[in-house]
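The lines below spell out each chain.
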Number of protein chains: 2
Amino acid sequence: MTKEQLYYLKKKFSNIALIDNSSLEKYGKDETEDLLFPPHIVLRPSTTEEISAILKYCNENKIPVTPSGARTGLSGGALPIKGGVALSMEKMNKIIKIDENNSQVITEPGVITQNLQDAVREKGLFYPPDPASKGSCFIGGNIAENSGGPKAVKYGVTADYVLNLEVVLPNGDIIWTGANVLKNATGYNLTQLIVGSEGTLGVVTKIVLRLIPHPTTNMLMLVPFYDAKKACEAVAAIMKTGITPSGMEFMERDAIQWTLNNIPNIQMEINEKHEAHLLIEVDGFDESKLLEECEKIAEVLEQFETGEILFADSQAQKDRLWEVRRKVGEAVKSHSIYKEEDTVVPRYELPQLLSGVKKIGAKYGFKSVCYGHAGDGNLHVNIIKGDLTEEQWNEELPLAIREIFELTVDLGGTISGEHGIGWVQKPYMDIPFTPISLRLMKEIKQIFDPNNIMNPDKILN
Amino acid sequence: MTKEQLYYLKKKFSNIALIDNSSLEKYGKDETEDLLFPPHIVLRPSTTEEISAILKYCNENKIPVTPSGARTGLSGGALPIKGGVALSMEKMNKIIKIDENNSQVITEPGVITQNLQDAVREKGLFYPPDPASKGSCFIGGNIAENSGGPKAVKYGVTADYVLNLEVVLPNGDIIWTGANVLKNATGYNLTQLIVGSEGTLGVVTKIVLRLIPHPTTNMLMLVPFYDAKKACEAVAAIMKTGITPSGMEFMERDAIQWTLNNIPNIQMEINEKHEAHLLIEVDGFDESKLLEECEKIAEVLEQFETGEILFADSQAQKDRLWEVRRKVGEAVKSHSIYKEEDTVVPRYELPQLLSGVKKIGAKYGFKSVCYGHAGDGNLHVNIIKGDLTEEQWNEELPLAIREIFELTVDLGGTISGEHGIGWVQKPYMDIPFTPISLRLMKEIKQIFDPNNIMNPDKILN
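The name given to chain A in an unreviewed UniProt entry is FAD-binding oxidoreductase, with the source organism recorded as Brumimicrobium oceani. Turning to chain A, the UniProt annotation filed under Cofactor (unreviewed entry) states: "FAD".

If you want it as structure tokens, here you go:
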């Protein structure tokens, strides 16, 4: 961006612009490792029309624009790699309408996911997808990355709830992608093309989500295993009973131990012999039905050599257990420099994935801490820098990651379940896709964004 | 297609070619009105490689190729409008693998949907989408049109079950669109771009579907209403209780009466005063729970002035009631020349849609018979030719249909819920989409199919 262009943007959008250094630094980071790519200017529009005007100018002048949500992403999707404009959605933070009659909500993208969930819950309605960052992430970011979270095993991911989107295209044109309906066989599915496109095709400015009745009750149990592989095997065995838990989270010992060390107030101890835990939640509308389900699950677990199962007996205890799970990522981060890989496989292949990851670790000399959404085969592999040299970390680790991803794809899976490709996973896109598929994606990008201004250098090379 | 090209195809693919007149006529029709567009040749490949070779030749020689399933479609999607090759998928009819461990099935596209459902049911698994034609339609056609059916209200549509597709592109290249996983944040969603694209982007040759546990029990009730609008209002009221029926079908009196006239063996009578019926099914794993749900539904219905509710008391009676519902389309067809519109709106807007359709009918002088999947706002509007002159039918009716679709879109809906756009709804695509969105779709088409050989003249002009 030239000085003149920066001056123009600053002047034209003076009431919504930030250019002080600390703002540029703030908007130059997300939660991905310690990466920093400051923009030239931050703009914080509050209307679709403002966004349209900004994009039109930037498109005509080929200025990079990176949509910026709450910057909680883990693949660097919100980093302004090429500088230019960080387009913060924080002022687009209104829930426009909760439509109880049709079980839908229309919202702006800058609403915090938890706030959206709370608002619809007051009407008895449920928006299930809840990434670990739900207390701070924006619903717009969830759309961009097709976020998942623990409830996906029963309720699906963000994509499964998106009915219709208002999108500003890079040239400033405004479209709606679909209609506010549950069934739609009308032309190509532009809605699902935008979901998960990580801000590379346009800026989402309004979102229509379907909602479902909110379950009225749930039960939670923590199951310790002497063998981590057995924990993974237990997941597929539980699903085969016909019960679909609303959460089935896997945590290796270190994941849980480091988290406990990191949250001083939590009264909880784990046994050193327990290599892994499953946190299993069932939910529904009928307590006695859930009790039956828990009994059936406990029965299945008997085959897998578990320690004593802990049933949460109060809301406080449930909150505590979920807090531990949600804070694993943070704890690993505070413990060491690390890289997080968001592997996903068909759930029955999880034990193979886990042991493969450990073998690759042994070969390259790194330690990994694994945890994640075992119910849908989504394992977060945290590779710990520990004693690795800079050379090993920078030169050899990419080869190890490549091996992990190749294994994932061999098992029928892919390289990101819910974090997206963004900036950091881009070098690995040749593993899940052939050059033919990648070419199709690049050409789709070009249709939407011929000047390559929208979040450039993300997903595709 | 030139004589030389026809000769080449006939010779090269002699063992899978049909060119006799009765075959050309057979493959020149589907279930859409009485339209007939015979191809020059029918090819019936049984492998992906054969399809790749056919497409490669046709692409190089710009010969139109229309994928052909069971030809049960209602928007003319399988009609070879420009002649060329009808590419029948009937020999691609193997279920490749039922993966019980991961609750998935891998299938070829030429499997009859009902057969697929039956095969997975034997393993306790459930593939819910079941269009009225499920006994004859192909799963590949369901992917092409994003089929719905009565169970969509609870279980969603075809798109909601598709994880991954093998697709032959027009130039003969073969890709997989995604991975066999429940969560995927890896690049643009090519899978959902293919679903519902009606064979205009490539040929689907393998399909990976997710499955769910099969419910073990269900209950069915038929509810008569003195006022059709009240029946529509009841639908939203039932959904607001938090109960999600597994079917909630609306039928106007004529729809049900004509069907009874058309199925001589069915012992059932309806009261002339009942303007409409709702057929309501609940399903699950616990009979006593379903009984509670039925009672709650009956309670809600008390506000809507119904006649006596019929609870099906045997499997035979359930089958009979569903048969009546499934055969409405056929019955209307055998009664009169007609046109079927596949309107869909947010379900609470259904009463407005119904009364709007009747008003438009009064204005243009046509009678309509309406029925459909009220639970998800999907109303099939059958416009009866009756006494209309040819001129009225051909010149005025398109204006009336335009008014119906404009109303649909004004109510937040769109012009096809589950039948697709195909050939017959193409003139109305300017109603749900602006020129900008249509241009994006055309450019997507061009990326996949630069020579415009795949099912040309469908969806887009």
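Asker: How should the overall build of chain A be read in this particular structure?
Answerer: From N to C terminus, chain A includes 15 helices and 18 strands. Computed over its C-alpha atoms, the radius of gyration of chain A comes to 22 Å, within 12% of the 23 Å expected for a compact globule of 461 residues. When its C-alpha atoms are laid out on the principal axes, chain A stretches across 70 × 60 × 45 Å. By sequence separation, contacts in chain A at least 24 residues apart represent 74% of the contacts at least 6 residues apart. Carbon and sulfur atoms make up 47% of the accessible area of chain A, which amounts to about 17100 Å² in all.

Asker: What's the story with the side chain of N102(A) in this structure? I'm lost.
Answerer: For N102(A), the location among the structural elements is in the loop between β5 (95-99) and β6 (104-107). When its relative accessible area of 6% is taken as the criterion, N102(A) is described as buried. In terms of polar contacts, N102(A) uses its side chain to reach the side chain of E349(B), at 3.2 Å. If we skip the residues at most four places from it in the chain, N102(A) touches P346(B), R347(B), Y348(B) and E349(B).

Asker: Just to check I follow, could you spell out the sheet that holds strand β4 (residues 85-88) of chain B for this structure?
Answerer: Backbone hydrogen bonds hold the strands of a sheet together, and the pairing may be parallel or antiparallel. Residue and element names in this part refer to chain B. Spatially, four strands are ordered β1-β2-β4-β3 in an open sheet, and the strand pairing comes out mixed. In this open sheet, the two edge strands, each paired with only one partner strand, are β1 (17-18) and β3 (65-68). In terms of strand pairing, β1 meets strand β2 (residues 41-43) through two bridges, oriented antiparallel. Paired with L18 across the strands is V42, a residue of β2.

Asker: Looking at this structure, how should I read a negative patch on the surface?
Answerer: All names here are of chain A. Residues D227, E233, E275 and E305 make up a contiguous surface patch of negative charge. Here E275 lies in the loop between α9 (253-262) and β14 (276-284). Given the relative accessible area of 34%, E275 is considered partly exposed.

Asker: Would you mind going over the relation of the copies chain A and chain B with me for this structure?
Answerer: Comparison of the two chain copies shows a relationship of rotation about an axis with a shift along it. When chain A is fitted to chain B, the residual RMSD is 0.0 Å, and the transformation amounts to a turn of 180° plus an axial shift of 0.0 Å. On the angle and the small slide along the axis, the relation comes out as a two-fold axis.

Asker: Would you explain the side chain of T200(A) in this entry?
Answerer: As for its position among the elements, T200(A) is in the loop between α7 (190-194) and β10 (203-210). The contacts of T200(A), once residues within four sequence positions are left out, are K445(A), D449(A), M454(A), N455(A), K458(A), I459(A) and Y188(B).

Asker: Sorry, what's going on with the interface of chain A and chain B here?
Answerer: For an interface, size is often stated in terms of accessible area lost upon the parts coming together. Contacts between chain A and chain B engage 78 residues on the former and 78 residues on the latter. Summing both sides of the interface, chain A and chain B together bury roughly 6100 Å²; the carbon and sulfur share of this comes to 61%. Applying the counting rule to chain A against chain B returns four salt bridges. The salt bridge involving K183(A) is made with E418(B); its shortest N-O contact spans 2.9 Å. Summed over the shared surface of chain A and chain B, the result is 32 residue pairs in polar contact (both at pLDDT 80 or more). Counting only elements with at least two residues in the side of chain A that touches chain B, the list comes to β9 (174-176), α7, α8 (228-240) and α15 (435-448) of chain A.

Asker: I keep staring at the sheet that holds strand β18 (residues 378-384) of chain B and nothing clicks. Help me out?
Answerer: Residues and elements named next belong to chain B. Judged by pairing direction, the sheet is antiparallel, and its seven strands sit side by side in the order β15-β12-β14-β13-β17-β18-β16 without closing on themselves. Edge positions in the sheet fall to β15 (310-311) and β16 (338-344), since each of these pairs with one other strand and no more. Sheet strands touched by helix α12 (residues 328-335): β13 (247-252), β16, β17 (367-373) and β18. Its angle to β17, the strand with the most contacts, is close to 165°.

Calculation criteria
Residues numbered from 1 in each chain as written. Chains lettered and ligands numbered in written order. Predicted model: local features only at pLDDT ≥ 70, side-chain atom pairs only at ≥ 80, totals over all residues. Heavy atoms only, no water. UniProt positions renumbered as here; feature names shortened; annotations may be inferred. Helix = DSSP H or I, 4+ residues; strand = E, 2+ residues; numbered from the N terminus. Rg over C-alpha atoms; globule rule 2.2 N^0.38 Å. Contact = heavy atoms within 4.5 Å. Areas by Shrake-Rupley, 256 points an atom, 1.4 Å probe, with all protein chains shown as cover. Buried < 20%, exposed > 50% of the residue type's maximum accessible area, 1.4 Å probe, protein only. Polar contact = N/O pair within 3.5 Å; in protein donor to acceptor, adjacent residues only side chain to side chain. Pairing = 2+ DSSP bridges. Patch = residues over 30% accessible without salt bridge, like charges linked within 9 Å, V, L, I, M, F, W, Y side chains within 5 Å. Salt bridge = Lys/Arg side-chain N within 4 Å of Asp/Glu carboxyl O. Lys, Arg positive; Asp, Glu negative; His and termini not counted. Charge placed at Lys NZ, Arg CZ, Asp CG, Glu CD. Least-squares fit on C-alpha atoms with pLDDT ≥ 70 in both. Buried area = accessible area lost by both parts, 1.4 Å probe. Axes fitted to C-alpha atoms, helices over the stretch in contact; angles between N-to-C directions.

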